[in-house]
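Analysis of the macromolecular model
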Amino acid sequence: MGTEVSTSPTSLIDQTVVPGDIVLDLSNMTNQTIKLGSGLRQDNDSISAMRAGKLRYSKPNKYWVESSHKRYIPRPEDHVLGIVVDCKGENYWVDIKGPQLALLPVLAFEGANKRNYPKFEVSTLLYTRVVKTNTGMNPELSCVDESGKAAVFGPLKDGFMFETSTGLSRMLLSSPTCPVLEALGKKLSFETAFGLNGRCWVHAAAPRIVIIVANALMNSETLSGTQQRIMVEKLLEKISD
Amino acid sequence: MEIDREDGRTPNQLRPLACSRNILHRPHGSASWSQGDTKVLAAVYGPKAGTKKNENAEKACFEVIWKPKTGQIGKVEKEYEMIMKRTIQSICVLTVNPNTTTSVIIQVVHDDGSLLPCAINAACAALVDAGIPMKHLAVAICCCLADNGYLVLDPNKLEEKKMTAFAYLVFPNTTLSVLPEGSSVAEGEPVEHGIITSVTHGVMSVDDYFLCVENGRAATASLSAFFRKNFQQSQKDSSKAG
């Protein structure tokens, strides 16, 4: 092992990288703009990986390292599930499983003004989007989309919230629909909300359906598409009698 | 002059390595690393908001808690904590998450020689599992000197007791690079020739010490390769869904 060092690989895209691997050489890429996503940093003339995972590339110029963890790194335009921790003055302090608590302005709701704004208790679950993240500052959230409408954002009432890894929530939010969700949706009716920060919320008429759906989702992390469908079928068979 | 090791290894041969990540449920990153019979468990919590009182608030702060297998926490454990904290601070990128604290907890499961290097490797694997941004990995190795001047790598407890001196050495890992050969230089020497930490016990001459460093660095290639292969294996097992 370790004898491949004599011929450097031409490209590490779609390969597993560990911290320290140099993934791009900028010296022969002048006059190009490259966008670096999570897990990459610039080191003078080269881009090296900071996290371990798979290096991904999307045209025209985006590179990032894809990995799944229990904590979340906030990025703008991500939809996340936050839990209210405190309300101080003009902002709610919301926990989004990141390195810092996030701020949600009290007026960032549809139709809110100084005299009439929603008041949430501590530990309310909210579906929000991340607006701004700057190094050293707390990330900012909002419950309205760009046009000022509430859309899907706001508090989530009833239901059951459980935590997963960020990789699983990405898979559940991917399009086309994840096989496990399709298979469950054919037989059961339920409502879900997934946050990219590794939090999932499920709501259904009966508690047993909530539990079935939650268990199926938690088990589907390491399964392939067909395995997920088989798992859901077996689960539904068991409870249908 | 050959030295006969009790378990039949050659002087430069390491004990069998085993590593598993994401083994504990609550911590944000966890790993267990074993070299032969020495086994250490590491857990990482964080980054969490806020730093301690005397720490620089513009950088990320790390704290290490060392838990021995038996007995109370004493000076030896505090020393290990300090060494590990400095090592971790030099491999992690401190500017990405300023004003946060990351806790690394080390639990010794069994000590059969070469304990601190095993703990550093375990902590590194746990930090990777937690997704803490790092400049490169750290690979640690123990190198010791017998009375007849012969060098031995990765001793077990009995061998360690018989040696006149030993050194714990931590090097950056060997990295893959898309740069053409020879261009990953920093101040005239490739980055892999750096050394992160060195802790020595006993008396050895300067030449012997440099020989230790050379032998230790040669062994880092196999440790890095093991880590990379182990990580790729676990990625394959867990991401069949893509």
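Residues numbered from 1 in each chain as written. Chains lettered and ligands numbered in written order. Predicted model: local features only at pLDDT ≥ 70, side-chain atom pairs only at ≥ 80, totals over all residues. Heavy atoms only, no water.

**Details of the UniProt feature "domain: Exoribonuclease phosphorolytic" (unreviewed entry) in chain B**
Threshold: UniProt positions are given in the numbering used here, feature names are shortened, and annotations may be inferred rather than shown by experiment. Each helix is a run of DSSP H or I of at least 4 residues and each strand a run of E of at least 2, with the numbering of both proceeding from the N terminus.
Summarizing the sequence annotation, UniProt attributes the feature "domain: Exoribonuclease phosphorolytic" (unreviewed entry) to residues 13-133 of chain B in the numbering used throughout. Secondary structure over residues 13-133 of chain B splits into 27% helix and 35% strand, and the C-alpha atoms at its two ends are 31 Å apart.

**Details of the side chain of Asn97 of chain B**
Operational definition: The buried label applies to any residue whose accessible area, calculated with a 1.4 Å probe on protein chains only, is under 20% of its type's maximum; exposed applies above 50%, and partly exposed to all values in between. Whether two residues are in contact is decided by their heavy atoms: any pair within 4.5 Å suffices.
As for its position among the elements, Asn97 of chain B is in the loop between helix 1 (75-91) and strand 5 (100-110). The exposure class of Asn97 of chain B is buried, given its relative accessible area of 13%. Leave out the neighbours within four places in its chain, and Asn97 of chain B touches Pro99 of chain A together with Pro47, Lys59, Ala60 and Pro133 of chain B.

**Describing the pattern of salt bridges**
We count it as follows: Only one rule defines a salt bridge in this text: a Lys or Arg side-chain nitrogen within 4 Å of an Asp or Glu carboxyl oxygen.
Under the criterion given, the structure shown has 16 salt bridges over all chains. Where Asp14 of chain A meets Arg56 of chain A, a salt bridge forms, and the shortest distance between an N and an O atom there is 2.6 Å. In this pair, Asp14 of chain A is assigned in the segment before strand 1 (16-17) and Arg56 of chain A in strand 6 (residues 53-58), connecting sequence segments 42 residues apart. With a shortest N-O distance of 3.7 Å, Glu146 of chain A and Arg129 of chain A are connected by a salt bridge. Highlighted residues: Glu146 of chain A in the loop between strand 12 (140-142) and strand 13 (154-155) and Arg129 of chain A in strand 11 (residues 125-132), separated in sequence by 17 residues. Judged by relative accessible area, which is 63%, Glu146 of chain A ranks as exposed. Judged by relative accessible area, which is 9%, Arg129 of chain A ranks as buried. When salt bridges with common partners are traced through the structure, they connect Arg9, Arg15, Asp112, Asp154 and Glu159 of chain B into a single cluster.

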